[in-house]
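Examination of the molecular architecture
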Amino acid sequence: MTPLWMENAPLPPPSEEPLPSRADVVVIGAGYTGLSAARETAAAGRSTLVLDAGGLGAGCSSRNGGQVAYSIKPTYNDLTGRFGADVAFRICREGLDAMAYLRALSTREIDCGWRQNGCFFGAHTPRHFSNMARDAERQPRGLEQSISVVPKAEQAAEIASAYYHGGCVYHDDASVDPTRLLLALWRRAIGSGATLRDHCAVTAINTVPEGFDVLTERGVVRARQVLLATNGYSGPLSPWHQRRVMPIGSYQIATEPLGVEAVRALIPRARNIVDSRRVVVYFRPSADGERIVFGGRAALAEKNPLACVPRLKRMLVQILPQLQSVRVSHAWAGWVAYTFDTLPHLGRHAGIYYCMGYCGQGVPLAPYFGKRIGQQMLGLEEGRTALDGLPFPARPYYWGKPWFLAPSVFAYRVIDAIGV
Ligand SMILES: Cc1cc2nc3c(=O)[nH]c(=O)nc-3n(C[C@H](O)[C@H](O)[C@H](O)COP(=O)(O)OP(=O)(O)OC[C@H]3O[C@@H](n4cnc5c(N)ncnc54)[C@H](O)[C@@H]3O)c2cc1C
């Protein structure tokens, strides 16, 4: 149940100091979003307190796959249909800027095991391959990514599997060690003067003339500004947000150590691998190159990660039959936050700032938008984004339990199975 990355990670001990009675800024959620925002406000001299219900990075930020990709889900054409070409272009640029931001941070300022290894995007059907190849050739001007098309005949250079019908390599994609990224963002926030109190769930936020009273398990803090950075763990604390993000379980396994050579034989260029199925799977070599770390949506109803191991292992072996007899040594899960328009959202509602909804792809998006929302809290022009002011849609009859998920995932599995 412990994520591979968390084993031996030098996490800070639980904080035992009392809560301060006042802070300029209270950030709820000590993941990539909250820590990045806290760094901005603290560095600008605002007293900043970060609170988390669990330990540092108790949510997704300690337990993800560490894959870094362009992560705005809707295509430029989809977005043009919804918002017009100018807004669409600027939203897509945010996705590229998020990658560039994390790349610059990781290569110049922090050590989070950044590897510019690229990603092989495998085609699940021949039709998916021709669509991919067409899209790679017709990228919107100004939004180009470095992509090479890999026909099936050349696929062995990317993966020792006949499962895919060719694919594309995204050369700008990268991987990080998720926990090292978390620790680096934490150190930056603390180094700028922010304080963290973990194991301190916020139970209510009451508006008062000076700002807010933030009620927690360990006392009350009066804050001038509050940021909700709770993503897939957004609960009844703010029903307005809870109605706008769907918590979806995401599951991962790691194989036992196979040896660097054996892993290289399976994924010769040590790339991330994802595929074009609707119910997506993704995998990569571990940071030390010794194992395969494999993730996907394993369960219709959310389950104990251990219960998902057989299904994930079957999915892995379907792609890499060479791993049939290999043992799984780690299994873990977390809650990602989907939005109804598949876009992240940041801004302010009822005076409370928020930043969330990365639809399972927050490794580049959360540090970047976290920084932006922190800048917005300071009233800085550079905090503005193309997503500001977009409607944050809810759905009728949805109050936080995605009852429609099981039938949708089932339908997607059928579509994947028949290869449409
Ligand atoms: C298995 C898995 C694999 C993934 N793989 C990838 C990947 O390869 N690439 C990628 O881009 N993304 C991936 N993601 C998604 C990515 O990890 C997240 O989008 C990102 O970490 C979100 O960061 P965050 O800070 O917004 O939220 P989180 O890290 O989830 O933090 C939210 C925090 O809010 C806290 N909280 C909630 N309510 C309260 C409260 N009332 N009081 C106090 N604290 C509260 C929680 O305890 C939690 O720590 C994956 C996620 C999972 C689970």
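Definitions and limits used
- Residues numbered from 1 in each chain as written.
- Predicted model: local features only at pLDDT ≥ 70, side-chain atom pairs only at ≥ 80, totals over all residues.
- Heavy atoms only, no water.
- Near = heavy atom within 4 Å.
- Polar contact = N/O pair within 3.5 Å; in protein donor to acceptor, adjacent residues only side chain to side chain.
- Areas by Shrake-Rupley, 256 points an atom, 1.4 Å probe, with all protein chains shown as cover.
- Helix = DSSP H or I, 4+ residues; strand = E, 2+ residues; numbered from the N terminus.
- Nonpolar A, V, L, I, M, F, W, Y, C, P; charged D, E, K, R; others polar.
- Core = buried A, V, L, I, M, F, W, Y, C linked by side-chain atoms within 4.5 Å.
- Buried < 20%, exposed > 50% of the residue type's maximum accessible area, 1.4 Å probe, protein only.
- Contact = heavy atoms within 4.5 Å.
- Phe/Tyr/Trp six-rings, centres within 6.5 Å; stacked < 30°, edge-to-face > 60°.
- Axes fitted to C-alpha atoms, helices over the stretch in contact; angles between N-to-C directions.
- Parallel < 35°, antiparallel > 145°, perpendicular 65-115°, else oblique.
- Left-handed = near helix turned anticlockwise from the far one by under 90°.
- Lys, Arg positive; Asp, Glu negative; His and termini not counted.
- Salt bridge = Lys/Arg side-chain N within 4 Å of Asp/Glu carboxyl O.

**Considerations on the site of the ligand**
- Around the ligand there are 36 residues in total, and T33, D52, S61, G65 and V363 lie nearest to it.
- The separation between an oxygen atom of the ligand and a polar main-chain atom of Y32 is 3.0 Å.
- One of the backbone nitrogen or oxygen atoms of G360 is found 3.1 Å away from a nitrogen atom of the ligand.
- The protein chains hide 95% of the 1,000 Å² of surface that the ligand would expose on its own.
- Of all the secondary-structure elements, those providing two or more residues to the shell around the ligand are α1 (32-43), β12 (245-255), β16 (328-339) and α9 (362-377).
- When residues of the shell around the ligand are assigned to their parent elements, the largest contribution, four residues, is made by α9.
- For the shell around the ligand, the residue count by class is 17 nonpolar, 17 polar and two charged.

**Things to note about the nonpolar core**
- Formed by 56 residues in total, the largest nonpolar core has its most connected members in L35, L56, V68, I91, L181, L227 and F369.
- Looking at this core, the elements with two or more residues in it are β1 (22-28), α1, α3 (85-108), α5 (178-191), β18 (352-356) and α9.
- At 10 residues, the largest contribution of residues to this core is made by α3.
- The residues contacting I91, other than those within four sequence positions of it, are I72, L79, F83, L343, A386, L387 and L390.
- Listed in part, the 27 residues of the second largest apolar core include I253, C308, L320 and L323.

**Side note on the packing of aromatic side chains**
- The full count for this structure, using the stated rule, is 10 aromatic pairs.
- Pairing W5 with W332 gives two aromatic rings, centres 6.5 Å apart and planes at 80 degrees, and the pair type is edge-to-face. Within this pair, whereas W5 is found in the segment before β1, its partner W332 is found in strand β16, the two being separated by 327 residues in sequence. For the pair shown, W5 and W332 are each scored as buried.
- Centre to centre, the rings of F120 and Y164 are 6.2 Å apart; their planes meet at 65 degrees, and the pair counts as edge-to-face. Of this pair, F120 sits in strand β4 (residues 119-122) while Y164 is found in the loop between β5 (147-150) and β6 (167-170), placing the two residues 44 residues apart along the sequence.
- Of the residues examined, Y164 reaches a relative accessible area of 0% and is grouped as buried.
- Cluster of aromatic residues (ring-pair linked, three or more members): Y101, Y368 and F369.

**Brief notes about the packing of α1 against α5**
- One can describe the packing of α1 onto α5 by two numbers: an axis separation of 8 Å at closest approach and a directional angle of 20 degrees. Taken together, α1 and α5 sit at an angle that is classed as roughly parallel. For the crossing formed where α1 meets α5, the hand is left-handed. Mapping the contact onto sequence places Y32, L35, S36, A38, R39 and A42 in α1 and P178, L181, L182, L185, W186, R188 and A189 in α5.
- When grouped by side-chain class, the residues that make up the contact of α1 with α5 number 10 nonpolar, one polar and two charged.

**Structural notes on the side chain of R284**
- With respect to the helices and strands, the residue R284 is situated in strand β14 (residues 281-285).
- Of the side chains with opposite charge, D177 comes closest to the buried, unpaired R284, at an N-O distance of 7.0 Å.
- Here G65 takes part through its backbone oxygen, which lies 2.9 Å from a polar atom of the side chain of R284.
- Polar side-chain contacts of R284 include one of 3.5 Å to the backbone oxygen of G66.

**Some details on the environment of A307**
- Checked against the element boundaries, A307 lands in helix α8 (residues 305-319).
- On the accessibility criterion, A307 (46% relative accessible area) is partly exposed.
- It is 9.2 Å that separates the C-alpha atoms of A307 and A331, two residues lying 24 residues apart in sequence.

**Details of the environment of E109**
- Tracing the backbone shows E109 in the loop between α3 and β4.
- Linking E109 and R188, residues 79 residues apart in sequence, is a C-alpha distance of 9.7 Å.
- If we skip the residues at most four places from it in the chain, E109 touches A104 and R188.
- Polar contacts involving the side chain of E109 include one to the side chain of R188, which spans 2.6 Å.

**A short note on the packing of α3 against α9**
- Two elements in contact, α3 and α9, have axes separated by 8 Å at closest approach and are oriented at 90 degrees. Between α3 and α9, the angle is such that the two are roughly perpendicular. In this structure, α3 contributes E94, D97, A98, M99, Y101 and L102 to the contact, and α9 contributes V363, P364, L365, P367, Y368, F369 and K371.
- Within the contact of α3 with α9, the residues separate by chemical class into 10 nonpolar, no polar and three charged.

**Quick word on the pattern of salt bridges**
- Tallied over the entire structure, the rule returns 16 salt bridges.
- Close ionic contact of R90 with D86 constitutes a salt bridge, the shortest N to O distance being 3.7 Å. Taken together, the residues R90 and D86, both in helix α3 and four residues apart, mark about one turn of the helix.
- With relative accessibility at 38%, the residue R90 sits in the partly exposed group.
- A salt bridge links R277 to D275; the nearest nitrogen and oxygen atoms lie 2.7 Å apart.
- Linked by salt bridges that have partners in common, R22, E210, D213 and R222 make up one network.

Everything listed here is a matter of geometry and, on its own, says nothing about what the molecule does.
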